[in-house]
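Tertiary structure, described
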Amino acid sequence: MYKRWLAALWLVCVMALPSVAAAGRDDTLTYAGENESTINPLLNNHQELPTIIFSGLMKYDAGGRPVPDLAESVSVDEASNTYTFRLRSGVRWHDGRPFTVEDVLYTYGALIADKTLTSSVTSNYEDIASVTAPDAQTVVFRLSRPNAAMLDNFTMGILPKHLFEGRDINTAPANYAPVGTGRYRFVTWDTAGGYIVLERNDDFYGKVPNIRRIIYKTVAVESTKALMLQSGEADIAWLNARYADRFRGREGFRNVDFQTADYRSCSMDFRSGFWQRNADSIAVLNFAVDKQAIVKSVLAGHGMPAWSPIQKNRFGGNPAADMYPYDLKRFAAEMEKLGWKKGSDGVYERNGEKFSFTIQVRDYEEERVDIANVVSHQLKQAGVDMKVALVTRFDWKAGYNGFLAGFAAEFDPDAVFKDFVTGASDNTMQYSDAEVDRLLREGRATPDSEARRRVYGQFEVEYARHPGHLFLAYLDGNYVTVDGLQGLDTSRVLGHHAVGVMWNIEDWTLNR
């Protein structure tokens, strides 16, 4: 708490100073970004840097729909569940080696067959039955069943076989000195100094970016990013809503606000005995949380109440799933139906057990800490004891009952399959519901868009009735840049931590 107070005081003092522009760096963009551990699209699929270092067979356009990238064309035979890609000619890896069909075979072989791969996305590829290369420019994927999200999944960045084959992908040296085929190439990673340097790929097969160099500062603390902008140490940063608002209307800066699919929630850990016994009482907590108050206070109005994991998705937003208004009388009535009674201390009890659980939150994520504290206070007023444990890193062995989570499904709604289907690759909290499983499998296998919309609408209702998350709020993507940075395009809905802002970086310019 003292460190946060000191950082806030420092920010107030620095904000009173004039901004300091770094002269003579028009060809260099300094980005106050996130902490990084590895740069590998298979291992870190919701980080910013893999999207500009690596390329996939497909990429997302401005509307968030998949279009060819390393593939110059793709044809789909729905009758045989076959996808045939014709690869671009003349593409080279950043180290000069030619990109070949073998790199595609290697990458997808790892995704579907490497049981040691510590990736959260492998469930996205479980329908691939075979990958073959009939010639040097063609790759054919045959699926075991229909998968309406498969073109989205082919946006996965391709790895260079010559740097990974024979090594453990999880620990390979190329994770820390990545080599891709994308718009920017890796130069150096100064872990002590906290920055990564990229140079534009002048041999890129598409439009070559205007900005020659990116210095990506690896920053954990949100107040530090704001300080870096103000002092001239950074040209762009994603900030929480309160810090972003401090730059609105200030000379020398621009606020660029994106829509995101990034939500915050209390994700309940079903490895915990408490939730194994009391899973029936998660949904009712929604009646006791004033989500609009969270948006107004913590998010400064830059967001909206959350009630579904695909609420901001083009296939989601079924209003029938928004079934829990803030209503303390209704909360008390529903708790009584479930057999909970208030004890002498005002906390609900059932079967000799208090309604008391602990949510862990990383201490440097100010917005999440503030959200958790507001929720804890609101639930306490209603008779539920939610403790907040501040941790530097999530501790999955300490016996906590959940964590203050953030997720996003900004593209295809099948993105939640890996999170909620029983035993799926990113279902780390071990949530399980047979009807949710059925609906998500049906949504994945349904090709017709309107039919899919109906299926995912049913999923939203079913999940609302039997949730594993207490959904709280969706965040806007509040970026702040220096005045001279132009070209950011807000057409795209961004993902978790507002990732995806550099989707059109080839169109950005920086002039001081």
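The structure contained in this document is the topic of the report that follows.

What about the overall build of the chain?
Check the secondary structure of the chain and you find 14 helices and 24 strands. For the chain, the C-alpha radius of gyration of 24 Å lies close to 24 Å, the compact-globule estimate for 512 residues. Taken over the C-alpha atoms alone, the chain extends approximately 75 × 65 × 40 Å along its principal axes. Within the chain, contacts between residues separated by at least 24 positions form 71% of all contacts whose residues are at least 6 apart in sequence. Carbon and sulfur atoms make up 50% of the accessible area of the chain, which amounts to about 21,000 Å² in all. One way to put it: in the chain the 57 positive side-chain charges average out to a point 2 Å from where the 66 negative ones average out.

A closer look at the pairing of strand β6 (residues 128-135)
Pairing analysis gives five bridges linking β6 to strand β7 (residues 138-143), with the strands arranged antiparallel. Among the inter-strand pairings, Val131 is bridged to a residue of β7, identified as Phe141. Counting the residues between successive antiparallel strands, the hairpin from β6 to β7 contains two residues.

Points about the sheet that holds strand β8 (residues 184-190)
The sheet built from seven strands is open, its strands ordered β8-β9-β10-β1-β11-β22-β12 with mixed pairing. The sheet is open, and its two edges are formed by β8 and β12 (253-258), each paired on a single side. Each adjacent strand pair in this sheet contributes to an overall mean axis angle of 20°, direction not counted. Relative to strand β10 (residues 213-218), strand β9 (residues 195-200) runs antiparallel, the two sharing five bridges. Paired with Leu198 across the two strands is Ile214, which belongs to β10. Lying on the sheet, helix α6 (residues 222-231) is in contact with β1 (28-33), β10, β11 (236-238), β12 and β22 (477-482); it crosses β11 at an angle near 160°.

Side note on the nonpolar core
The biggest cluster of nonpolar side chains holds 65 residues, and the ones touching the most others in it are Tyr108, Phe141, Tyr479 and Trp508. Per-element accounting of this core gives the leading share, six residues, to helix α3 (residues 101-113). Once you skip the residues sitting within four places of it in the chain, Phe141 turns out to touch Leu57, Asn81, Thr82, Tyr83, Phe85, Val104, Tyr108, Ile128, Ser130, Val131 and Phe154.

Focus: the packing of helix α13 (residues 434-445) against helix α14 (residues 449-465)
Contact geometry of α13 with α14 gives a least axis separation of 9 Å together with a crossing angle of 160°. In terms of orientation, α13 and α14 fall into the roughly antiparallel class. As α13 runs across α14, the sense of the crossing is left-handed. Where α13 approaches α14, its residues Glu435, Val436, Arg438, Leu439, Leu440, Glu442, Gly443 and Arg444 are matched on the opposing element by Arg452, Val455, Tyr456, Gln458, Phe459, Glu462 and Tyr463.

As for the environment of Thr171
Residue placement: Thr171 occurs in the loop between α5 (161-164) and β8. A residue is classified by how much of its surface remains accessible, and Thr171, at 52% relative accessible area, is exposed. Placed 123 residues apart in sequence, Thr171 and Glu48 show a C-alpha to C-alpha distance of 20 Å.

Regarding the environment of Val501
Following the sequence through the fold, Val501 ends up in the loop between β23 (485-486) and β24 (509-510). Taking the C-alpha atoms as reference points, Val501 and Thr107, 394 residues apart in sequence, are found 25 Å from one another. The contact partners of Val501, leaving out residues within four places of it in the chain, are Tyr31, Glu48, Phe258, Tyr479, Leu488, Leu494 and Trp508.

A short note on the pairing of strand β19 (residues 385-391)
Summarising the sheet, strand β18 (residues 356-362) and β19 pair through seven bridges and their orientation is parallel. Across the sheet, the residue bridging to Thr358 is Lys387, located in β19. Traced from β18 through helix α11 (residues 366-382) to β19, the parallel crossover comes out right-handed.

Let's talk about the sheet that holds strand β17 (residues 353-354)
Here we have three strands laid out as an open sheet, ordered β15-β16-β17, and antiparallel in their pairing. Edge positions in the sheet fall to β15 (341-342) and β17, since each has one partner strand and no second. Here two bridges tie strand β16 (residues 348-350) to β17, and the two strands are oriented antiparallel to one another. Note that in β17 the partner of Glu349 across the bridge is Lys354.

As for the pattern of salt bridges
What the rule picks out here adds up to 37 salt bridges. Here Lys225 ties to Glu34 by a salt bridge, and the two come within 2.6 Å at their closest N and O atoms. Here Lys225, found in helix α6, pairs with Glu34, found in the loop between β1 and α2 (50-53); they are 191 residues apart in sequence, far enough to count as distant. Here the salt bridges do not stand alone but share partners, grouping Glu126, Asp127, Arg145, Asp414, Arg441 and Arg444 into one network.

A few points about α13
Over its twelve residues, α13 runs 17 Å from end to end, which matches the ideal 16 Å to within 8%, given 1.5 Å per residue. Of the positions making up α13, those classed as buried are Val436, Asp437, Leu439, Leu440, Gly443 and Arg444. Those residues of α13 hidden inside the fold are in contact with α12 (417-420) and α14.

Concerning the packing of aromatic side chains
A full pass over the atoms with the stated rule returns 35 aromatic pairs. Measuring from ring centre to ring centre gives 4.8 Å for Phe85 and Phe154, while their planes differ by 75°; the resulting arrangement is edge-to-face. With Phe85 in strand β5 (residues 82-87) and Phe154 in the loop between α4 (150-153) and α5, this residue pair connects regions lying 69 residues apart in the sequence. Residue Phe85 shares its accessibility class with Phe154, and that shared class is buried. Here the aromatic residues Tyr263, Phe270, Phe407, Phe420, Tyr431, Phe459, Tyr463, Phe471 and Tyr474 are joined through ring pairs into a cluster of three or more. Here Arg444 stacks its cationic end above the ring of Phe417, 3.6 Å away from the centre of that ring. A cation sits over an aromatic face here: Arg452 above Phe315, 5.2 Å from the ring centre.

Some remarks on the side chain of Asn40
Along the polypeptide, Asn40 turns up in the loop between β1 and α2. Residue classification places Asn40 among the buried residues on the basis of a relative accessible area of 0%. Of the polar contacts made by the side chain of Asn40, one reaches the side chain of Asn175; its length is 2.8 Å. Excluding residues that lie within four positions of it along the chain, Asn40 makes contacts with Leu159, Phe164, Ile169 and Asn175.

Calculation criteria
- Residues numbered from 1 in each chain as written.
- Predicted model: local features only at pLDDT ≥ 70, side-chain atom pairs only at ≥ 80, totals over all residues.
- Heavy atoms only, no water.
- Helix = DSSP H or I, 4+ residues; strand = E, 2+ residues; numbered from the N terminus.
- Rg over C-alpha atoms; globule rule 2.2 N^0.38 Å.
- Contact = heavy atoms within 4.5 Å.
- Areas by Shrake-Rupley, 256 points an atom, 1.4 Å probe, with all protein chains shown as cover.
- Lys, Arg positive; Asp, Glu negative; His and termini not counted.
- Charge placed at Lys NZ, Arg CZ, Asp CG, Glu CD.
- Pairing = 2+ DSSP bridges.
- Axes fitted to C-alpha atoms, helices over the stretch in contact; angles between N-to-C directions.
- Core = buried A, V, L, I, M, F, W, Y, C linked by side-chain atoms within 4.5 Å.
- Buried < 20%, exposed > 50% of the residue type's maximum accessible area, 1.4 Å probe, protein only.
- Parallel < 35°, antiparallel > 145°, perpendicular 65-115°, else oblique.
- Left-handed = near helix turned anticlockwise from the far one by under 90°.
- Right-handed = clockwise from strand over helix to strand, strands pointing away.
- Salt bridge = Lys/Arg side-chain N within 4 Å of Asp/Glu carboxyl O.
- Expected span 1.5 Å × (residues − 1).
- Phe/Tyr/Trp six-rings, centres within 6.5 Å; stacked < 30°, edge-to-face > 60°.
- Lys NZ or Arg CZ within 6 Å of the ring centre and 35° of its normal.
- Polar contact = N/O pair within 3.5 Å; in protein donor to acceptor, adjacent residues only side chain to side chain.

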